[in-house]
Amino acid sequence: MGVFFHQSARGRLISCKPLLAGLVASLFATGAFAQVLAPDMGTPDADLPVLPNINQYANPKAPANNPIANEPELILSAKLAENGENIGRGLVWRVFSPEPDADGKLQLLATSKGGTTSFNLAPGSYLVHVAFGRAGATKRVTMTRVKRNETMILDAGGVKLNAVLSGGGRIPQDQLRFSIYEDHEDASGERALIIPDVKPESVVRLNAGTYQIVSNYGTANAVIRADIRVEAGKITEANVEHRAAQLTMKLVRETGGEALADTAWSVLTTSGDIVRESVGAFASIVLAEGEYIIIAKNKDKIYQRDFKVVAGRNQDVELIATNGASATTTANQPAGGEEPLD
């Protein structure tokens with residue numbers, strides 16, 4: 001074994017034999033030296049415990065391993081009306097604790113979807129709610145140690161909505177939407193919106209009662225309101241009639257000419273109220289029956305035309321860009337006390 005040396009700051013070599021002796025003694029004392037030099041003798045066999053067969057497991061569905069299954073069963077079904085059939089699908093069931101928590105909300109304990117369903121509930125009181133579309137019912141149920149069956153009566157029906165033009169003309173479904181409101185007004189004179197953006201021919205489930213429907217043809221002022229009555233266990237079909245027409249407007253230099261691009265359009269009522277504004281070579285709009293003022297602005301010129309909308313008569317409307325058009329200064333003048341259009 002060699003001898004360690006240390007070089008001092010002055011360059012002299014100092015013997016370190018005492019340090020080496022102390023290190024060897026330390027290795028023998030801790031056993032580290034023996035671990036380094038000991039040959040690999042192999043690992044002795046250990047007595048391992050016998051593992052159970054892989055098929056031997058605790059079945060989570062076994063009554064002993066599923067405490068809830070030992071609780072009494074509550075079987076729930078629902079009907080639209082007292083003398084109706086059980087609803088087979090589309091139901092949403094929720095079971096709540098009857099007492100609110102610290103946040104003032106009822107704790108949701110269990111849910112289920114489909115038709116007839118069941119819950120295993122410990123003895124006690126619960127609130128059961130069932131929803132079928134926008135129709136729903138809530139009932140307090142008290143469980144004991146015996147099985148219980150409950151049938152919820154929704155007292156609900158459905159409504160299917162559609163609209164036509166005067167004379168029975170068809171309205172493109174992508175331009176038709178409905179909204180359903182409560183039948184009574186609140187303190188501010190407003191009706192609460194129940195369902196927005198209902199597509200035509202779709203069935204909406206509602207509790208029995210009276211509702212107001214609003215039909216929008218297009219996105220301007222072709223709006224119809226009507227009251228409907230929903231009866232329990234029945235589908236009510238409601239068709240409203242729109243007295244309106246679709247106009248396609250363009251600004252041309254001569255009759256039948258090409259539409260001028262970058263034209264700003266405004267459609268006003270005869271009293272000066274703005275119905276719709278848009279920009280483009282063509283402007284398409286659905287308007288309720290009545291008289292209007294059509295204004296087109298292109299560059300520094302304003303062009304105007306009075307027009308009457310006839311229900312059910314879709315038309316192309318041309319404005320002729322003549323040299324006698326109003327200048328921009330005319331357009332900046334407020335119409336009927338309203339703000340300037342531009």
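Everything numeric here is computed off the predicted structure, so don't read it as measured data.

Topic: the overall build of the protein
Phase 1 of the analysis: A count of helices and strands for the protein gives 3 helices and 24 strands.
Phase 2 of the analysis: Of all 342 residues assigned to the protein, the portion counted as buried reaches 32%.
Phase 3 of the analysis: Element-wise, carbon and sulfur atoms account for 50% of the exposed surface of the protein, whose accessible area totals about 21,600 Å².

Quick notes on the pairing of strand 4 (residues 91-100)
Phase 1 of the analysis: With 7 bridges joining them, strand 4 and strand 5 (residues 106-114) adopt antiparallel strand pairing. When the sheet's bridge partners are listed, Arg 94 is paired in strand 5 with Thr 111.
Phase 2 of the analysis: Connecting strand 4 to the antiparallel partner strand 5 that follows it, the hairpin turn spans 5 residues, and Gly 104 within it adopts a positive phi of roughly 80 degrees.

Re the pattern of salt bridges
Phase 1 of the analysis: Taken as a whole and assessed by the stated rule, the structure comprises 9 salt bridges.
Phase 2 of the analysis: Ionic pairing is found between Arg 148 and Glu 150, a salt bridge with its closest N-O pair at 2.6 Å.
Phase 3 of the analysis: Among the residues examined, Arg 148 registers a relative accessible area of 26% and is labelled partly exposed.
Phase 4 of the analysis: Glu 231 is the salt-bridge partner of Lys 234, the closest N and O atoms lying 3.2 Å from each other.
Phase 5 of the analysis: Taken together, the salt bridges that share partners define one network made up of Lys 139, Arg 148 and Glu 150.

Re the sheet that holds strand 7 (residues 124-132)
Phase 1 of the analysis: The 4 strands are arranged 5-4-7-8 in an open sheet whose pairing can be described as antiparallel. The open sheet has two edge strands with one neighbour each: strand 5 and strand 8 (135-143). Mean inter-strand twist for the sheet, computed between neighbouring axes without regard to direction, equals 20 degrees.
Phase 2 of the analysis: As defined by bridge partners, strand 4 adjoins strand 7 across 6 bridges and the pair is classed as antiparallel. Across the sheet, residue Arg 94 finds its bridge partner in strand 7, namely His 129.

Observations regarding the side chain of Ser 97
Phase 1 of the analysis: Locating Ser 97 in the fold gives a position in strand 4.
Phase 2 of the analysis: Contacts of Ser 97, omitting those with residues within four sequence positions, involve Leu 106, Gln 107 and Leu 109.

A short note on the confidence of the model for the protein
Phase 1 of the analysis: Averaged over all residues, the pLDDT of the protein is 80; the fraction at 70 or higher stands at 74%.
Phase 2 of the analysis: Low confidence marks residues 1-44, where pLDDT is under 50. Its contacts with residues over four positions away, or in another chain, come to 23 contacts.
Phase 3 of the analysis: Taken together, the stretch residues 324-342 has pLDDT below 50 and engages in 23 contacts with residues farther than four places along the chain or on a different chain.

Observations concerning the environment of Gly 124
Phase 1 of the analysis: In this fold, Gly 124 is placed in strand 7.
Phase 2 of the analysis: For Gly 124, the contacting residues outside a window of four places in its chain are Val 141, Thr 142 and Met 143.

A few points about the side chain of Asn 162
Phase 1 of the analysis: Topologically, Asn 162 is positioned in strand 10 (residues 156-165).
Phase 2 of the analysis: Relative accessible area serves as the criterion here: at 15%, Asn 162 is assigned to the buried category.
Phase 3 of the analysis: Sequence-distant contacts of Asn 162, defined by excluding residues within four places in its chain, comprise Leu 176, Phe 178, Pro 200, Glu 201, Ala 238, Asn 239 and Val 240.

Let's talk about the environment of Arg 89
Phase 1 of the analysis: As for its position among the elements, Arg 89 is in the loop between strand 3 (73-79) and strand 4.
Phase 2 of the analysis: Residue Arg 89 is classed as exposed on the basis of its relative accessible area, which comes to 70%.
Phase 3 of the analysis: Residues Arg 89 and Thr 116, 27 residues apart in the sequence, show an inter-C-alpha distance of 8.0 Å.

Some words on unusual backbone geometry
Phase 1 of the analysis: Notably, Asp 197 is not glycine yet its phi reads approximately 50 degrees, a positive angle.
Phase 2 of the analysis: Its relative accessible area of 53% is what places Asp 197 among the exposed residues.
Phase 3 of the analysis: Phi at Asp 262 takes a positive value of approximately 55 degrees, unusual for a residue other than glycine.
Phase 4 of the analysis: The topology assignment puts Asp 262 in the loop between strand 17 (244-252) and strand 18 (264-269).

Some thoughts on the sheet that holds strand 11 (residues 176-185)
Phase 1 of the analysis: Across the sheet, which stays open at both edges, the 4 strands sit in the order 12-11-14-15 with antiparallel pairing between neighbours. The open sheet terminates on both sides in strands that have one partner only, identified here as strand 12 (191-198) and strand 15 (223-230). Across the sheet, the mean angle separating the axes of adjacent strands is 25 degrees when strand polarity is ignored.

Brief notes about the environment of Arg 94
Phase 1 of the analysis: As for its position among the elements, Arg 94 is in strand 4.
Phase 2 of the analysis: Put simply, Arg 94 and Thr 111 are 17 residues apart on the chain and 4.5 Å apart in space, counted from C-alpha to C-alpha.

Details of the pairing of strand 13 (residues 203-207)
Phase 1 of the analysis: Burial of strand 13 is one-sided: the residues Val 204 and Leu 206 facing one way are buried, the residues Val 203, Arg 205 and Asn 207 facing the other way are not.
Phase 2 of the analysis: Pairing between strand 10 and strand 13: 5 bridges, direction antiparallel. Note on strand 13: the bridge partner recorded for Gly 158 is Arg 205.

The rules behind each value
- Residues numbered from 1 in each chain as written.
- Predicted model: local features only at pLDDT ≥ 70, side-chain atom pairs only at ≥ 80, totals over all residues.
- Heavy atoms only, no water.
- Helix = DSSP H or I, 4+ residues; strand = E, 2+ residues; numbered from the N terminus.
- Buried < 20%, exposed > 50% of the residue type's maximum accessible area, 1.4 Å probe, protein only.
- Areas by Shrake-Rupley, 256 points an atom, 1.4 Å probe, with all protein chains shown as cover.
- Pairing = 2+ DSSP bridges.
- Salt bridge = Lys/Arg side-chain N within 4 Å of Asp/Glu carboxyl O.
- Axes fitted to C-alpha atoms, helices over the stretch in contact; angles between N-to-C directions.
- Contact = heavy atoms within 4.5 Å.
- pLDDT = per-residue confidence, 0-100.

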